[in-house]
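Spelled out, the chains give:
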Amino acid sequence: MKIFKLASLVVLPFVAIVAKDVRKPEVLFQQKCQMCHMDGLPKNKKIANKMVSPTMNYTIKNLVWGMDSEHDGISENELKKISVEFMKDYLYYPDRKKTNCEDISFDKFGVMPSLKGFIAEEEMDVLLPWVYDKFKPTKQKDGSWALKE
Ligand code: HEC
């Protein structure tokens, strides 16, 4: 009994810290995305050769661009909403037919594996709006989208 009490004293605060941390989008991003997606373009060829997926800024640029051109005149809020919804679906049910990525991405990296069982829906709700804000491109006057540096 004594040992159990001691164990719960040690373990419980630890669990509480981990659970709180997991709700932080930057921690989720590190744990669930960054092992595959680098933030931005690789600094040199050596790093580029190790890439297993398109960079996050590039991925989000293509996503936002795709969503924007499919929904003419859409507001910024709506654009964010449908982009986040797209990602939420794609992370569990990735499919080349749905994609906004270019063929070259698939030829090089293949289709993203489903993250079902690896990331919970509640975690996606915390993470995905943050990913969108952090990596979203800016719309230029000519209507094109500039990559987030
Ligand atoms: C095991 C490696 C891996 C992990 C982990 C991973 N991805 Fe991907 N992801 C890929 C690859 C490869 C592609 C490019 C092919 C594709 O679009 O399916 C991709 C594509 C994407 C796309 C583009 C969808 C489109 O329009 O085609 C988004 C958005 C994305 N990932 C978001 C995420 C987020 C957010 C996370 C973390 C929760 C994540 N990925 C974790 C490998 C990964």
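To be clear, the structure that these remarks concern was listed above.
Residues numbered from 1 in each chain as written. Predicted model: local features only at pLDDT ≥ 70, side-chain atom pairs only at ≥ 80, totals over all residues.

K.L.:
Even after reading the chapter, I still don't get the site of the ligand, so can you show me in this structure?
P.N.:
Around the ligand, a shell composed of 27 residues is seen, among which C33, C36, T99, N100 and M112 lie nearest. For the shell around the ligand, the secondary structure elements donating two or more residues are α4 (56-70), α5 (76-92) and α6 (103-109). Residues of the shell around the ligand, tallied by class, amount to 19 nonpolar, seven polar and one charged. (Near = placed C-beta within 6 Å. Helix = DSSP H or I, 4+ residues; strand = E, 2+ residues; numbered from the N terminus. Nonpolar A, V, L, I, M, F, W, Y, C, P; charged D, E, K, R; others polar.)

K.L.:
Is there a simple way to think about the packing of α4 against α5 in this case?
P.N.:
What describes two packed helices is the angle between their axes and the distance between those same axes. Contact pair α4 / α5: the axes reach a minimum separation of 10 Å and the direction vectors enclose 120°. Taken as axis vectors, α4 and α5 run oblique relative to one another. α5 is crossed by α4, and the crossing has right-handed handedness. Residues L63, V64, M67 and D68 of α4 form the contact with α5, whose participating residues are L79, I82, S83 and F86. Split into classes, the residues belonging to the contact of α4 with α5 amount to six nonpolar, one polar and one charged. (Axes fitted to C-alpha atoms, helices over the stretch in contact; angles between N-to-C directions. Parallel < 35°, antiparallel > 145°, perpendicular 65-115°, else oblique. Left-handed = near helix turned anticlockwise from the far one by under 90°. Contact = placed C-beta atoms within 7 Å.)

K.L.:
Sorry if this is basic, but what is going on with the nonpolar core here?
P.N.:
Proteins that are soluble and globular tend to have nonpolar side chains buried together. Formed by L28, M38, M56, I60, L63, V64, L91, M124, L127, L128, V131 and F135, the largest nonpolar core amounts to 12 residues. Only α4 and α7 (121-135) provide two or more residues apiece to this core. Sort the elements by how many residues they give to this core and α7 lands first, with five residues. The residues contacting I60, other than those within four sequence positions of it, are V131, Y132, F135, K136 and P137. (Core = buried A, V, L, I, M, F, W, Y, C linked by C-beta atoms within 7 Å. Buried ≥ 20, exposed ≤ 12 C-beta atoms within 10 Å, placed from the backbone.)

Treat this as a map of the structure, not an account of what it does.
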